[in-house]
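Each chain, written out:
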Amino acid sequence: MADARRGRRDRRPRDERGLGWVGQEFEVVVGPVAHGGHCVARHEGRVVFLRHTLPGERVRVRVTEDRHPGFCRADAVEVLEAAPGRVERPCPHSGPGRCGGCDWQHVDPEEQRRLKAAVVREQLLRLGGLDAGDPVVAGLVVEELPGGPLRWRSRARFAVDRAGAPGLRRHRSHDVVVLGDCPITVEPAARAVLGRSWPGSGAVDVAIDSTGAVTVSRLDRRGRTLATEVLHAGEELPAEPTGRAERRAGGRDWEVEGTGFWQVHPAAADALVTVVEDLAAVIPGETVLDLYAGAGLFGGALAPLVGEEGRVVCVESDPGACAAAEANLAALPQAEVWQGEVDADGLAELLAELGTAPDVVVLDPPRAGAGKAVSRLLAGTGARAVVYVACDPAALARDIDAFADAGYRLAGIRGFDAFPMTAHVECVALLVPAGW
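Right, let's walk through the structure included here. Bear in mind that the values here come from a model prediction, so they are computed numbers and not experimental data.

**Some points on the side chain of S375**
Within the secondary structure, S375 sits in helix α9 (residues 372-379). Ignoring anything within four residues of it in the chain, the contact list for S375 reads A370, D399, A402 and F403.

Written as C-alpha cells, this is what we have:
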C-alpha cells in the first residue's frame, strides 16, 4: 500500500509536486525563524524550511522532503558559521534524522524564548491583522518558568515500534526512534516507559502527579486504552489504579484523570491561573463562562472571586474531565459544570440556556483554536473581557482577527515558555470591546 501511494504521488504533474531535490545538499545563509520549529532560507528561487539551525547561520543542508513546487524541507547537516545562540545538544537522540520530539535542543534557552516571541509577533501581524507598532505586540516577551529546560515534561505519549520498543517518531515520519531516556521528561515518568518492552502496543501514555504517582496507560494502534497501571515514583511499588491523579495549582489540590489533560509543565498551571485571574479582574456578582474547561482549573480559581452572588459556568465535552471538574468544584456552589461541545451550534444553545450575557469569558481551546464561528458568537455576547489561553500562536492570531471583525481588540498578551526545547509556546491574551 505504501509503495502504491508513493507511485501515485510520483505520477502527479511536475507543477503539482517538488523538483526532485530529496537528498541534495547545498549551502545557504539562514533567514528568520518561522512557526513550527524551523527557519526559512532560499535556494535557487525556492523557499527552504530548515531545521536544526538558527537565523544568520551559514549551513550545509540536506533536503528531506520535496512535495511542492514552491518550497522544500531540509535539515542543517553541517554548521559552517554558527550563530551566538548555538549550544551543544543535551540530548544524544536529538539532531538531523533523529528523534523529532524537540526542535531547539541546539539553542541556548534564553535564545529559544526570543525565537518564540518572534514567532508569536509574526503570527499576530500576518494572521491577526495587527500592526508592528502596536505596543501590545511590540512589547511581547516569552517568560521563563521555574525548573530549567530539562525534566519538565510531566505527561507524555511514547510511540511503540513493531518489536515493542518505546520511543518517539522522527520529524514528519512514522518511524520510531527507540529511546533509552528522554531528558525533557520527568525522570520517574521516563523510566516507567523507556527501557521496558511493550509488545502489542501502539503507544504508551505516562503522567506523574503532584504526589509522585506515575500513571501508565498502554494503548493499541488505534489509540484505545488496553491497560493502566500506577507506580509510586519513589519506590516503584505498584498501586491500585483509581483513574484519578492529583495536581496542585493556585494554592490547592485538583483531581484529574490519570493521564488526562493538564498543563504539562509543573509550573505552568500556577502561572496561567495567576495571569487569568489578573486579566479577567472579575468582581463579586459577575457571570463567568469558562469554555474548554477541562478539570475546572480556571473556573475553580475564579469562582471564589465572583462570590456567592456570582456565577461560573464551566463547559467541557469530555465526560472524564467533567467528572473531575464536578469533584473539584463541589465546594463552590456558584460554579456549575456543563458537558457539551464548544462549537457554533453547541455554543448558541448554551448561551440561550445561560439566560444572561457573561461578563467574562475564559477559553482554553485545543491546538486548532476556537475558530471563526465560535469567536464571533462570543464577541456577540458583549462580554467586557475575553481571556484566551492558547497553545498555538497561529490559531490564536486567526481567532484574534475574528474577534476584531466583531468589534474586539487585543488589550494585552503574555507568553510563557511552558515547553522548553520545543517550538511550542503558551500565550494568554486579553480581548476587550474596541471602544474600551
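Continuing now.
**What about the nonpolar core?**
Judged by nonpolar contacts, the single largest core of 72 residues is most densely connected at F158 and V428. Looking at which element gives the most residues to this core, the answer is helix α5 (residues 268-280), with nine residues. When neighbours within four sequence positions are excluded, F158 is seen to be in contact with G167, L168, L179, C182, T185, V193, L194, A203, V204 and V206. The next biggest cluster of nonpolar side chains, apart from the first, holds 39 residues, and it includes A117, L289, I413 and L431.

**Brief notes about the pairing of strand β19 (residues 335-339)**
Relative to β19, strand β18 (residues 311-316) runs parallel, the two being bridged by five bridges. Within β19, the position partnered with V315 by the bridge is W338. Chirality of the crossover, the property in question, places the unit of β18, helix α7 (residues 319-328) and β19 among those that are right-handed.

**Topic: the pattern of salt bridges**
As enumerated under the stated definition, the model contains 23 salt bridges in all. The partner of D66 in a salt bridge is R46, with the nearest N and O atoms 2.8 Å apart. With D66 in the loop between β5 (58-65) and β6 (71-81) and R46 in strand β4 (residues 46-51), this pair connects stretches of sequence that are 20 residues apart. R46 carries the same exposure label as D66, and that label is buried. Here E336 ties to R311 by a salt bridge, and the two come within 2.6 Å at their closest N and O atoms. With a gap of 25 residues between them, E336 in strand β19 and R311 in strand β18 connect regions that are remote in the sequence.

Calculation rules
Residues numbered from 1 in each chain as written. Predicted model: local features only at pLDDT ≥ 70, side-chain atom pairs only at ≥ 80, totals over all residues. Heavy atoms only, no water. Helix = DSSP H or I, 4+ residues; strand = E, 2+ residues; numbered from the N terminus. Contact = heavy atoms within 4.5 Å. Core = buried A, V, L, I, M, F, W, Y, C linked by side-chain atoms within 4.5 Å. Buried < 20%, exposed > 50% of the residue type's maximum accessible area, 1.4 Å probe, protein only. Pairing = 2+ DSSP bridges. Right-handed = clockwise from strand over helix to strand, strands pointing away. Salt bridge = Lys/Arg side-chain N within 4 Å of Asp/Glu carboxyl O.

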